[in-house]
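What the coordinates show
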Amino acid sequence: MYKVAIASSNGRNIDLHFGQAKEFHIIQVDEKTGRWEESELRKIPDFKLCEPDFHCRGHGGDTASLKTIAGLLQDCPYLLVKKIGLYPYRILQQSGTDSLEAPCELDEAIRKLNAYHTRRREKGRDK
């Protein structure tokens, strides 16, 4: 089993940019079967990484705020988002979370992610 954080407005679609998310759905995936279930909803502090008009500052963003979010997600080897800037991507990666852009339905994303995860494990790049 491994955990995946999801940036979603409804828990069914990956439809939020990293900087738009006010919470992350945490999914547990059984790597052998590909079955998943939501285990929790993690709210993040209100850092205002995005303006109401969706002009995201998460691309450069506040390092301390990004590191706080990375700390909240450090037990999740993956984060699925609609979009993420390079700077928050790097901060999360330094904390052990790979961010993947997957603007699609959750079932499809988890199916693709689990295949990716399995290939990584087979090549010795465990998460």
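Residues numbered from 1 in each chain as written. Predicted model: local features only at pLDDT ≥ 70, side-chain atom pairs only at ≥ 80, totals over all residues. Heavy atoms only, no water.

Things to note about the nonpolar core
Quick note on the threshold: Buried Ala, Val, Leu, Ile, Met, Phe, Trp, Tyr and Cys residues form a nonpolar core when they are joined through side-chain atoms within 4.5 Å. Exposure is judged per residue with a 1.4 Å probe applied to protein chains only, and the accessible area is read against the type maximum: over 50% gives exposed, under 20% gives buried, and values in between give partly exposed. The helix count covers DSSP runs of H or I at least four residues long, the strand count covers runs of E at least two residues long, and both are numbered beginning at the N terminus. In this analysis, two residues are considered to be in contact whenever any of their non-hydrogen atoms come within 4.5 Å of each other.
Counting residues in each nonpolar core, the largest one holds 18 residues, and the members touching the most others are Ala5, Phe18, Phe24, Leu73, Leu79 and Leu92. Listing elements by their share of this core, those giving two or more residues are β2 (23-29), α1 (63-72), β4 (78-81) and α2 (86-94). Take this core: its biggest share by element is three residues, from α1. Once you skip the residues sitting within four places of it in the chain, Phe24 turns out to touch Ala5, Ile6, Ala7, Phe18, Glu40, Leu41, Arg42, Ile44, Ile69, Leu73 and Leu79. Val4, Ile27, Tyr78 and Leu113 belong to the second-largest nonpolar core, a separate cluster that totals 14 residues.

Some thoughts on the environment of Tyr2
Stated precisely, the cut-off is as follows: Pairs of N or O atoms within 3.5 Å make up the polar contacts considered here, provided that, within protein, one atom can donate a hydrogen while the other can accept it, and that residues adjacent in sequence are counted only when both atoms are side-chain atoms.
Structurally, Tyr2 can be placed in strand β1 (residues 2-6). The sequence separation of Tyr2 and Asp30 amounts to 28 residues, and the corresponding C-alpha distance is 6.9 Å. If near-sequence neighbours (up to four positions away) are discounted, Tyr2 is found in contact with Ile27, Gln28, Val29, Glu31, Pro77, Tyr78, Leu113, Asn114 and His117. Looking at Tyr2, its side chain comes within polar contact range of the side chain of Asn114, at 2.7 Å.

Points about the pairing of β2
Worth spelling out the cut-off: DSSP calls a pair of strands paired once it identifies at least 2 bridges connecting them.
In terms of residue burial, β2 counts as a mostly covered element, since five of its seven residues are buried. Here β1 runs beside β2; their pairing, made up of five bridges, is antiparallel. Within β2, the position partnered with Lys3 by the bridge is Gln28. Hairpin remark: β2 followed by strand β3 (residues 36-43), antiparallel, with six residues in the connecting loop; positive phi at Gly34, about 80°.

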